[in-house]
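What follows is the residue order along each chain.
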Amino acid sequence: MLKLVSIVIRVTDLPAQSTFWKAALDYVERDPADDDWVVLKPRDADAPCIALDAHHSERILPPRIHLDIYAEDQAAEVQRLLALGAREVHWDGRPSDADYVIMEDPEGNRFCIVDRPDWSGWDGASGE
């Protein structure tokens, strides 16, 4: 059996990106950061870790992979993330009734904030 434990994001400025993702997700360092690697884990939740790898990588758009992050109060979370240094990405192909807001972290790694006011009951297994 397999279990998704960590998602790795390549970054240029490890300390700045670590600060952003810790504040964005309320994560903490699993172990002290190395010069080029840190694993951030949820403070209280059972969720995958985010590992930051200080290794230059070419940015490709649209990205081949991105994070979907559920929010109980999407508008408030978008504003909070903007204050932390994230940017909203406007895309002409986004449906008018989309339940997500496309964002990127300070280095341009994309993620979506998905409006799920009732997500706490979501078990992940059924996809609902």
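Here goes a summary of the coordinates provided. Keep in mind it's a predicted model, so treat the numbers as computed, not measured.

1. Notes on the overall build of the chain
Across its full length, the chain carries two helices and eight strands. Secondary structure elements in the chain, listed N-terminal to C-terminal, are β-α-β-β-β-β-α-β-β-β. A compact globule built from 128 residues would reach a C-alpha radius of gyration of about 14 Å, and the chain, at 15 Å, matches this within 12%. With the C-alpha coordinates of the chain rotated into their principal frame, the extents come out at 45 × 35 × 30 Å. Residue burial in the chain is summarised as follows: out of 128 residues, 30% are buried. For the chain, the proportion of contacts with a sequence separation of at least 24, taken over those separated by at least 6, is 51%. Accessible area for the chain stands at about 8,700 Å²; split by element, carbon and sulfur atoms hold 51% of it. In the chain, the 13 positive side-chain charges and the 26 negative ones have mean positions that sit 3 Å from each other.

2. Some remarks on the packing of aromatic side chains
According to the stated counting rule, one finds three aromatic pairs in the structure shown. Centre to centre, the rings of Phe20 and Trp21 are 5.1 Å apart; their planes meet at 85 degrees, and the pair counts as edge-to-face. Residue classification places Phe20 among the buried positions, given a relative accessible area of 3%. By relative accessible area, Trp21 is classed as buried at 2%.

3. A short note on unusual backbone geometry
Each neighbour pair has its own omega, and for Leu61 with Pro62 the value is -5 degrees, a cis peptide bond. Following the sequence through the fold, Pro62 ends up in the loop between strand E4 (49–54) and strand E5 (67–71).

4. As for the sheet that holds E4
Sheet strands pair by backbone hydrogen bonding; their relative direction is either parallel or antiparallel. Taken in spatial order, the four strands line up as E1-E4-E3-E2 in an open sheet, and their pairing is mixed. In this open sheet, the two strands that pair with only one neighbour each are strand E1 (6–11) and strand E2 (27–29). Here the average twist between neighbouring strands, direction ignored, is 30 degrees. Bridge count between E1 and E4: six bridges; the pairing is parallel. Residue pairing across strands places Arg10 opposite Asp53, the latter belonging to E4.

Calculation notes
- Residues numbered from 1 in each chain as written.
- Predicted model: local features only at pLDDT ≥ 70, side-chain atom pairs only at ≥ 80, totals over all residues.
- Heavy atoms only, no water.
- Helix = DSSP H or I, 4+ residues; strand = E, 2+ residues; numbered from the N terminus.
- Rg over C-alpha atoms; globule rule 2.2 N^0.38 Å.
- Buried < 20%, exposed > 50% of the residue type's maximum accessible area, 1.4 Å probe, protein only.
- Contact = heavy atoms within 4.5 Å.
- Areas by Shrake-Rupley, 256 points an atom, 1.4 Å probe, with all protein chains shown as cover.
- Lys, Arg positive; Asp, Glu negative; His and termini not counted.
- Charge placed at Lys NZ, Arg CZ, Asp CG, Glu CD.
- Phe/Tyr/Trp six-rings, centres within 6.5 Å; stacked < 30°, edge-to-face > 60°.
- Pairing = 2+ DSSP bridges.
- Axes fitted to C-alpha atoms, helices over the stretch in contact; angles between N-to-C directions.

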